[in-house]
Amino acid sequence: MKKHSLFSGFGGVAFQTKKRASLAGMAASLLAGILASCSGVAGDRGETRASAIPLTLNTWAAGELATEGEQWFKFTATAGRQYIHILRGTAKQLYLQVYDPQGSEIGSPYVWNQEREYADLSLSKGGVYYLKTSSSTGGTYQIGFTESAEVSPDTAVVMASAPGLTADVWALNDLAAGEEQWFKFTATAGTQYIHVVYGTLRDLSVQVYDAMGNKLGDPYAFNRNGEYASLLVIRGEVYYLKVWPVSGSGSYKIAFNTSTAAPQD
């Protein structure tokens, strides 16, 4: 907050006059500040490009549109390819127009009709881009950007907190029906093997992702003990495993190493 100083004169009249003038100036400044903040309320909601709401990689931002209204967001491209994810709340249909740093439209508007979709953008890394959302009906939604089509912002949060696996060490777990679990590991060689041993669970799938969130191949289906998945990876890179039961629930253990032979108990 700006500091104001009152300067008094030597004479009583001069002091009172200057004091009143100073107080009047302070009141005027305060009123101007209040009016400015009131006029900025709409801008704080991103209702103009100048007040676009900044987006952070892998993080949802809450949006709300009035009927026939629009809302603006901006982000700095972290890669040459970015994916805009939208999760609709009460908004029935939502349109998205992308703009380059100069304010020119990039492509045609994207239309979101389903609950969860994404837009695939080819951009210049480091450039600032703008997103304008609109809806004929209005409503709530969430918006965010990632570096993968496969990973939405909420999934990115789960991946970031995934427990790490240690080579040749089993991780014991339980899975409920419809549940999924995530793990991460750092490749110790160019070829890695994923091993699964069942407890009370009998049917499990594992999907491998690279550090950018891109799927590596199709899911591996583990139907019995003794099976393993062979991965061609880059030594020193971080990889993620998404695990879920095909049916039922129960216990299992999972590990990785450089051998087709499973780790010892």
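Within any chain, residue numbers begin from 1 and follow the written order of that chain's sequence. The model is predicted, so local features are restricted to residues of pLDDT at least 70 and side-chain atom pairs to those at 80 or more, both for listing and for counting; the totals for chains, interfaces and linings are taken over all residues. Excluded from the side-chain calculations are hydrogens and water; all other atoms, namely the structure's heavy atoms, are used.

## As for the confidence of the model for the chain
Inference 1: Averaged over every residue, the pLDDT of the chain is 84; the share at 70 or more is 82%.
Inference 2: Confidence of the prediction at every residue is given by pLDDT, a number between 0 and 100. Helix and strand labels come from DSSP, where a helix needs a run of H or I of at least four residues and a strand needs a run of E of at least two; each type is numbered from the N terminus. The lowest-confidence element of the chain is helix H1 (residues 12-39), averaging 38 in pLDDT; the highest-confidence one is strand S11 (residues 181-186), averaging 98.
Inference 3: Confidence over residues 1-43 falls short of pLDDT 50; this stretch has eight contacts with residues more than four positions distant or in other chains. Residue contacts are counted whenever heavy atoms from the two residues lie within 4.5 Å of one another.

## Here we look at the nonpolar core
Inference 1: In this structure, Ile194, Leu241, Tyr252 and Ile254 are the most contacted members of the largest nonpolar core, which totals 23 residues.
Inference 2: Secondary-structure elements contributing two or more residues to this core are strand S10 (171-175), S11, strand S12 (191-198), strand S13 (204-209), strand S15 (228-232), strand S16 (238-245) and strand S17 (250-257).
Inference 3: With near-sequence residues (within four places) excluded, isoleucine 254 lies in contact with Leu165, Val169, Trp170, Ala171, Asn173, Phe183, Ile194, His195, Val196, Leu241 and Val243.
Inference 4: Ala77, Ile84, Leu94 and Leu96 belong to the second largest nonpolar core, which has 22 residues in total. To define a nonpolar core, start from buried Ala, Val, Leu, Ile, Met, Phe, Trp, Tyr and Cys residues and group those joined through side-chain atoms within 4.5 Å. Each residue gets one of three labels from its accessible area relative to the maximum for its type: buried under 20%, exposed over 50%, partly exposed in between, using a 1.4 Å probe on protein chains only.

## Some points on the sheet that holds strand S6 (residues 105-112)
Inference 1: Strand pairing requires that DSSP identify at least two bridges connecting the strands. Taking strand neighbours across the sheet as the criterion, the five strands line up as S1-S3-S8-S5-S6 in an open arrangement whose pairing is mixed. Whereas interior strands pair on both sides, the edge strands pair on one side only; in this sheet they are strand S1 (53-54) and S6.

## Brief notes about unusual backbone geometry
Inference 1: One non-glycine residue, asparagine 58, lies in positive phi territory at about 65°.
Inference 2: For aspartate 168, which is not glycine, the phi dihedral falls at a positive 65°.
Inference 3: Here aspartate 168 lies in the loop between helix H3 (153-160) and S10.
Inference 4: The class of aspartate 168 is partly exposed, set by a relative accessible area of 44%.

## Notes on the environment of threonine 146
Inference 1: Along the chain, the position of threonine 146 falls in strand S9 (residues 139-146).
Inference 2: Overall, threonine 146 belongs to the buried group, its relative accessible area being 1%.
Inference 3: Taking C-alpha positions, threonine 146 is 9.0 Å from glycine 213, a pair spaced 67 residues apart along the chain.
Inference 4: Sequence-distant contacts of threonine 146, that is, excluding residues within four places in its chain, are made with Leu57, Asn58, Gln82, Tyr83, His85, Val151, Ser152 and Pro153.

## Digging into the pairing of strand S5 (residues 94-99)
Inference 1: Of all the six residues making up S5, five are buried; the element is thus mostly covered by neighbouring parts of the structure.
Inference 2: With five bridges joining them, S5 and S6 adopt antiparallel strand pairing. When the sheet's bridge partners are listed, tyrosine 99 is paired in S6 with glutamate 105.
Inference 3: Adjacent in sequence and paired antiparallel, S5 and S6 are bridged by five residues, among which glycine 103 carries a positive phi angle near 90°.
Inference 4: For S5 and strand S8 (residues 128-134), the ladder comprises five bridges, and the chain directions are antiparallel. Each bridged residue has a counterpart across the sheet, and for glutamine 97 the counterpart in S8 is lysine 132.

## Re the packing of aromatic side chains
Inference 1: Pairing of aromatic side chains requires ring centres within 6.5 Å, counting the rings of Phe and Tyr and the six-membered ring of Trp. Pairs whose planes differ by under 30 degrees are stacked, by over 60 edge-to-face, and all others tilted. For the coordinates displayed, the defined rule picks out 10 aromatic pairs.
Inference 2: With 5.6 Å between their ring centres and 75° between their planes, tyrosine 193 and tyrosine 228 make a pair best called edge-to-face. Of the two residues, tyrosine 193 is situated in strand S12 and tyrosine 228 in strand S15; the sequence distance between them amounts to 35 residues.
Inference 3: Residue class for tyrosine 228 comes out partly exposed when judged on its relative accessible area of 39%.
Inference 4: Members of the aromatic cluster, connected to one another through ring pairs, are Phe75, Tyr129 and Phe145.
Inference 5: Directly above the aromatic system of tyrosine 130 lies the positively charged group of arginine 49, at a separation of 4.3 Å from the ring centroid.
Inference 6: Two conditions define a charge sitting above a ring: the NZ of Lys or the CZ of Arg must be within 6 Å of the ring centre, and it must be within 35 degrees of the ring normal. Over the face of the ring belonging to tryptophan 244 we find lysine 242, whose NZ or CZ atom lies 5.2 Å from the ring centre.

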